[in-house]
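Structure assessment
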Amino acid sequence: MTARRPSLAVVGATGVIGGVMLQIISQHADIWGEVRLVASPRSAGRKLVVRGEETEVLELVEDVFDDVDVALFLVPDEVSARWAPLAASKGAVVIDDSAVFRKEGDVPLVVPEINPHAARIRPRGIVASPNCTTLALIVAVGALHAEFGLRELVVSSYQAVSGAGRDGVAVLREQLSMVAGTELGTKPGDVRRVVGDTDGGPFAAPVALNVVPWAGTDAGDGWSSEELAIRDECRKVLDLPHLRVSATCVYVPVVAAHSMSVHARFENEVAVDRAHEILATAPGVVLYDSPGAGDFPTPSDVVGTDPTWVGRVRRSMDDPMALELFVCGDNFRKGAALNVAQIAESVAAEFPRS
């Protein structure tokens, strides 16, 4: 068999996650042959830099996938639903960042640090990447599970507004400009009266000087889609279909990087020293845990970095089987583009090399 470097298509190359992906492709080992940048008709013709070269963006049409080996989809759900199966039908291995295929039984949901083997079994030619909230914690929790045997997760997220897209960031910055230098936040409803009606925006309440305990869409019985995603995706990635998971997802006035408070209960008694050893050596994890010295992860410190950062590791005071920890991760890097890139690189390794 003739050795060659596989060709790659990046669908959604002009978006925020697409921009991060182009950085990653340019920074990582150059394993790809042709790299095609693909976007909507309104973005076609633009030129973006990847691997140090200007590359013209192509329009998302059927023949753009001809002779493509791997296609990365960094686009909204409706675009992936239409175009990802078409790309797969043309022989491309699709790595999809949307929510469309994550729950499908015949589509693997992959985090390379935890279940890299799953990416090889893809009957539909599609591999899914988890939600950014799941990816903020799963690498650390998965490492602990391998040692102690996970039984239950209780999670509260502190999500950056960029999780709601460009509109989320714009709304936060606009609201901050309206409340800066004021005495707002001291009386009921005073912030809401100043920033105005939130109808039609990405948040259900003001996000400046506030937290909003609702992320995603209504999934019934008081749960949001983001909260159920954490439950469903942790179960699938860890291959624990009956894992007990309860999540509360909250937007906070942070631009980028999600944080999570995690209560993890295990089958076996836990020890903080051993948990530290596991986390300090786990791929994709940085242990930063000396709270007395002010050393713990915060979103403003970890934004723009690749790993999951873990701190505040402690054994539950009332349960020797449980650990409490705090994690932070950039929602555009490991939370999106990086995980997709890592899956794609594992698929590229399947191609024969000289």
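Structure shown above.
Predicted model only: the values in this text are computed from it and were never measured.

**Some details on the overall build of the chain**
Looking only at helices and strands, one finds 9 helices and 13 strands in the chain. The C-alpha atoms of the chain give a radius of gyration of 21 Å, which matches the 20 Å a tight globule of 354 residues would have. Overall, the C-alpha framework of the chain stretches about 65 × 50 × 40 Å when taken along its three principal axes. For the chain, with 354 residues in total, the buried portion stands at 50%. In the chain, once contacts between residues fewer than 6 apart in sequence are set aside, the share between residues at least 24 apart is 67%. Here the chain displays about 16000 Å² of accessible surface, and carbon together with sulfur accounts for 50% of that area.

**Concerning empty space enclosed by the protein**
Overall, the coordinates contain 1 cavity of 30 Å³ or more when judged by the stated rule. Lining the largest cavity are Leu 8, Met 21, Ile 25, His 28, Ala 29, Ile 31, Trp 32, Leu 72, Ala 341, Ala 344 and Glu 345. Those elements giving two or more residues to the lining of the largest cavity turn out to be helix 1 (16-27) and helix 9 (333-348). The greatest single-element share of the lining of the largest cavity, amounting to 3 residues, is contributed by helix 9. Per-class residue counts for the lining of the largest cavity are 9 nonpolar, 1 polar and 1 charged.

**Some words on the side chain of Gln 175**
Tracing the backbone through its elements, the reader meets Gln 175 in helix 4 (residues 166-179). Overall, the relative accessible area of 7% leaves Gln 175 in the buried class. A polar atom in the side chain of Gln 175 sits 3.1 Å from the backbone nitrogen of Ala 208. Gln 175 has contacts with Val 195, Pro 206, Val 207 and Ala 208, leaving out every residue within four places of it along the chain.

**Some details on the sheet that holds strand 9 (residues 244-251)**
With respect to topology, 6 strands assemble into an open sheet ordered 9-8-10-13-12-11, the strand pairing being mixed. Edge positions in the sheet fall to strand 9 and strand 11 (285-287), since each has one partner strand and no second. Recorded for the sheet is a direction-independent mean angle of 20 degrees between the axes of neighbouring strands. Alignment of strand 10 (residues 258-266) against strand 13 (residues 322-329), held across 8 bridges, turns out to be antiparallel. Note on strand 13: the bridge partner recorded for Arg 265 is Ala 322. Helix 6 (residues 225-238) contacts strand 8 (150-159), strand 9 and strand 10 of the sheet and is inclined by roughly 135 degrees relative to strand 9. Contacts from helix 7 (residues 272-281) reach strand 11, strand 12 (308-315) and strand 13 within the one sheet, and its direction differs from that of strand 12 by about 170 degrees.

**What to know about the environment of Gly 201**
Tracing the backbone shows Gly 201 in the loop between helix 5 (190-195) and helix 6. Exposure remark for Gly 201: the relative accessible area of 38% places this residue in the partly exposed category. In sequence terms Gly 201 and Leu 72 are 129 residues apart; their C-alpha atoms lie 29 Å from each other.

Quick notes on the rules
Residues numbered from 1 in each chain as written. Predicted model: local features only at pLDDT ≥ 70, side-chain atom pairs only at ≥ 80, totals over all residues. Heavy atoms only, no water. Helix = DSSP H or I, 4+ residues; strand = E, 2+ residues; numbered from the N terminus. Rg over C-alpha atoms; globule rule 2.2 N^0.38 Å. Buried < 20%, exposed > 50% of the residue type's maximum accessible area, 1.4 Å probe, protein only. Contact = heavy atoms within 4.5 Å. Areas by Shrake-Rupley, 256 points an atom, 1.4 Å probe, with all protein chains shown as cover. 1 Å grid on protein atoms, 1.4 Å probe; cavity = no way out; pocket = protein on both sides within 12 Å on 5 of 7 lines; lining within 4 Å. Points joined across faces, edges and corners; volume = space filled by probe spheres on them. Nonpolar A, V, L, I, M, F, W, Y, C, P; charged D, E, K, R; others polar. Polar contact = N/O pair within 3.5 Å; in protein donor to acceptor, adjacent residues only side chain to side chain. Pairing = 2+ DSSP bridges. Axes fitted to C-alpha atoms, helices over the stretch in contact; angles between N-to-C directions.

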